[in-house]
Structure formats: structure tokens, C-alpha cells
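Listed below are the residues making up each chain.
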Amino acid sequence: YTVTEPLAMDAACSKTDATTIGGAEGTATVNATGGTAPYSFVWSNGAITQNLLNLSASVYTVFITDALNCTTNKTYTLTQPPQLIADAGPDLIVCGQSITSLAANNPIIGIGFWQVVSSDSLIVFSDSASATSTVSNLGVGDNILSWTITDGLCSSTSEVIVTSTTAIQAIGGIDRKVCGDEVNLNATRPEFGFGYWTALSPGTLVADTSKASTLVT
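Rules used throughout
Residues numbered from 1 in each chain as written. Predicted model: local features only at pLDDT ≥ 70, side-chain atom pairs only at ≥ 80, totals over all residues. Heavy atoms only, no water. Helix = DSSP H or I, 4+ residues; strand = E, 2+ residues; numbered from the N terminus. Rg over C-alpha atoms; globule rule 2.2 N^0.38 Å. Buried < 20%, exposed > 50% of the residue type's maximum accessible area, 1.4 Å probe, protein only. Areas by Shrake-Rupley, 256 points an atom, 1.4 Å probe, with all protein chains shown as cover. Lys, Arg positive; Asp, Glu negative; His and termini not counted. Charge placed at Lys NZ, Arg CZ, Asp CG, Glu CD. Pairing = 2+ DSSP bridges. Salt bridge = Lys/Arg side-chain N within 4 Å of Asp/Glu carboxyl O. Axes fitted to C-alpha atoms, helices over the stretch in contact; angles between N-to-C directions. Core = buried A, V, L, I, M, F, W, Y, C linked by side-chain atoms within 4.5 Å. Polar contact = N/O pair within 3.5 Å; in protein donor to acceptor, adjacent residues only side chain to side chain. Phe/Tyr/Trp six-rings, centres within 6.5 Å; stacked < 30°, edge-to-face > 60°.

## Thoughts on the overall build of the chain
And step 1. Within the chain, the regular secondary structure consists of zero helices and 15 strands.
And step 2. On C-alpha atoms alone, the chain measures out to a radius of gyration of 36 Å, which is more than a quarter above the 17 Å that the 2.2 N^0.38 rule sets for 217 residues.
And step 3. Judged by the C-alpha coordinates and their principal axes, the chain covers about 130 × 40 × 25 Å.
And step 4. Burial analysis of the chain (217 residues in total) assigns 27% to the buried set.
And step 5. Carbon and sulfur atoms form 54% of the exposed surface of the chain, whose accessible area is close to 13800 Å².
And step 6. Side chains of the chain carry 6 positive and 17 negative charges; the gap between the two charge centres is 17 Å.

The following block contains the structure:
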């Protein structure tokens with residue numbers, strides 16, 4: 001008599017990952033070799049079929065048993081695309097100009113693009129597909145822009161407010177000569193925001209640095 005034993009059991013595995021976040025498009029396929037047919041299959045999710053369909057991202061283990069109760073197992077890790085998160089960056093204030101650079105996040109997958117949500121002007125992007133695009137022709141006041149990241153199936157959108165103000169001009173009044181050690185200053189009051197005096201000469205005292213009209217000694 002010649003006594004032989006079957007080849008050691010093994011399994012060839014293949015998989016496809018989920019194609020959407022939270023989706024169930026994944027598959028897992030296993031083909032047993034060696035051992036003694038027929039084989040039985042038990043998966044960690046309770047399935048007893050050879051192949052699995054409609055799987056979400058997770059870890060799956062299949063336990064394979066042959067006719068002689070020899071066993072082996074294989075583990076699959078199914079993934080899904082990373083979550084799309086758009087961040088248009090911090091709100092911006094632009095003083096006296098109609099142009100600035102944006103600071104959104106770059107997409108990990110897919111593409112991103114800028115759009116105008118609200119503005120009193122015809123805004124121009126240097127590159128609407130660039131996260132750090134330059135934006136020009138801003139209107140005075142609030143300009144609301146959106147940054148969208150999409151992979152063709154899912155998308156995420158974030159907004160940024162770019163506030164453009166008119167140019168700030170400080171008018172401190174006319175130069176003068178005085179006979180004495182004090183003088184009243186008369187600057188032009190700001191239309192918005194606030195102004196303040198700064199003494200550049202040592203020993204000069206400003207009575208109230210926050211008032212446009214004040215006494216200096």
C-alpha cells in the first residue's frame with residue numbers, strides 16, 4: 001500500500017473595496033486549494049457562502065474547513081474613500097484693496113473649485129480650481145465665496161467671508177508752529193474704525209490719544 005496525504009490547505013483571495021463613504025459596494029472572493037474537497041466556508045459576519053457581495057468597509061475573516069476537518073483562514077480588509085471635508089479657510093478683511101489670496105484646503109481625492117455665493121461686484125478668480133487662488137475685483141463690504149470638494153459622487157462645501165473696506169487715510173491736520181509748550185491738535189475723525197495719536201518726540205504728552213481733537217504738551 002502507498003499512503004499519501006493531501007497537500008496543505010491554502011486559499012487564494014481577492015477583494016474589491018467600497019467605492020463610496022458608508023457604501024456597500026465591496027466584494028470578497030476566496031478559492032480553497034489543497035486539503036480534501038469539499039470545503040465549507042464560515043465568515044466572521046456569519047455568512048457561509050464562498051464569496052461575499054455588498055460589503056461595507058471593515059475587516060472580514062473567512063474560516064475554511066475541508067472534508068477531513070483540516071482548517072485554514074484568511075482575513076480581508078476592505079476600505080472606503082476618505083471622507084470629503086472642504087475648508088474654505090478663515091474669514092478675511094481686506095483694507096483699501098480689491099484683491100487677496102484665499103487659503104482653502106487641498107482635496108485628498110477628487111477636485112476642488114471656488115464659486116461666488118454673494119457679492120456686489122463681478123469677482124474674478126485667478127484659478128477657480130486652486131485652493132490658494134487669488135481673488136480680485138472684490139466689492140466693498142462682505143463677499144461670500146464657497147469652496148467645494150467633490151469626487152464625482154459625494155461633495156463637501158465650505159464658505160468664507162472676505163470683507164473689503166474702503167481705503168483708510170489718516171489726516172492729522174496741518175503742520176504748525178507755536179509759541180509755547182502746548183497746542184490743540186485737530187485730526188479728521190475716521191468714518192469707521194478708530195484712530196489714535198502717537199507721540200514721536202520724547203517728553204511729549206497727549207491728553208487723550210483716542211480723540212481726533214486733543215491737547216498736546
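## Looking at the sheet that holds strand 8 (residues 99-101)
And step 1. Strand order in the open sheet made by the three strands is 8-11-10, with antiparallel pairing throughout. Two strands lie at the open edges of the sheet, namely strand 8 and strand 10 (124-125), each paired on one side alone.
And step 2. Strand direction decides the pairing type here: strand 8 and strand 11 (residues 134-136), joined by three bridges, are antiparallel. Looking at strand 11, one finds that Ser 101 is bridged to Thr 134.

## Quick notes on the pattern of salt bridges
Note on pairing: side chains with opposite charge can pair once their charged atoms come close.
And step 1. Tallied over the full model, the rule gives two salt bridges.
And step 2. For Lys 74, the salt bridge is made with Asp 10, and the minimal N-O distance between the two is 3.4 Å. Note that Lys 74 is positioned in strand 6 (residues 71-78) and Asp 10 in strand 1 (residues 10-16), a separation of 64 residues in sequence.
And step 3. A relative accessible area of 36% means that Asp 10 is categorised as partly exposed.
And step 4. Between Asp 17 and Lys 15 there is a salt bridge whose closest N-O contact spans 3.1 Å.
And step 5. When its relative accessible area of 28% is taken as the criterion, Asp 17 is described as partly exposed.

## Side note on the sheet that holds strand 1
And step 1. In spatial order, the strands read 1-2-4; together these three strands make up an open sheet with antiparallel pairing. Edge positions in the open sheet fall to strand 1 and strand 4 (51-55), since each of these has one partner strand only. Adjacent strand axes in the sheet meet at a mean angle of 10° when their direction is disregarded.

## A closer look at the nonpolar core
And step 1. Grouped together as the largest cluster of nonpolar side chains are 17 residues, with contacts concentrated most on Leu 102, Trp 114, Phe 125, Val 135, Leu 145 and Trp 147.
And step 2. For this core, the secondary-structure elements that each account for two or more residues are strand 12 (141-150) and strand 13 (155-165).
And step 3. Here this core takes three residues from strand 12, the largest share from any one element.
And step 4. If you look at the next biggest cluster of nonpolar residues, it comprises 14 residues, including Trp 43, Leu 52, Val 62 and Ile 64.

## What about the pairing of strand 13?
Regular strands place side chains that alternate from one sheet face to the opposite one.
And step 1. With burial as the criterion, only one face of strand 13 is covered, namely that bearing Ser 156, Ser 158, Val 160, Val 162 and Ser 164; the residues Ser 155, Thr 157, Glu 159, Ile 161, Thr 163 and Thr 165 on the opposite face remain uncovered.
And step 2. Direction of pairing for strand 7 (residues 92-95) relative to strand 13: parallel, over a ladder of four bridges. By the bridge assignment for strand 13, Cys 95 is matched with Thr 165.
And step 3. Two strands pair when backbone bridges link them, and strand 12 and strand 13 are joined in this way by 10 bridges, in the antiparallel orientation. Paired with Ser 146 across the strands is Glu 159, a residue of strand 13.
And step 4. Linking strand 12 back to strand 13 in an antiparallel pair, the connection comprises four residues, with Gly 152 at a positive phi of about 100°.

## Notes on the side chain of Ser 133
And step 1. As for its placement among the helices and strands, Ser 133 is situated in the loop between strand 10 and strand 11.
And step 2. Judged by relative accessible area, which is 1%, Ser 133 ranks as buried.
And step 3. Within polar-contact distance, the side chain of Ser 133 engages the backbone oxygen of Asp 127 at 3.2 Å.

## Focus: the packing of aromatic side chains
And step 1. Enumeration according to the criterion identifies four aromatic pairs in this entry.
And step 2. Aromatic side chains Trp 43 and Tyr 76 sit 5.5 Å apart centroid to centroid with 40° between the ring planes, which places their arrangement in the tilted category. Here Trp 43 is found in strand 3 (residues 40-43), whereas its partner Tyr 76 is found in strand 6, with 33 residues between them in sequence.
And step 3. The exposure class assigned to Tyr 76 is buried, which follows from its relative accessible area of 4%.
And step 4. Between Trp 114 and Trp 147, the ring centres sit 5.1 Å apart and the planes meet at 40°, which makes this aromatic pair tilted. Of this pair, Trp 114 sits in strand 9 (residues 111-118) while Trp 147 sits in strand 12, and the two are 33 residues apart along the sequence. Side by side, Trp 114 and Trp 147 carry an identical accessibility label, which is buried.
And step 5. Among the aromatic side chains, those forming a connected cluster through ring pairs are Trp 114, Phe 125 and Trp 147.

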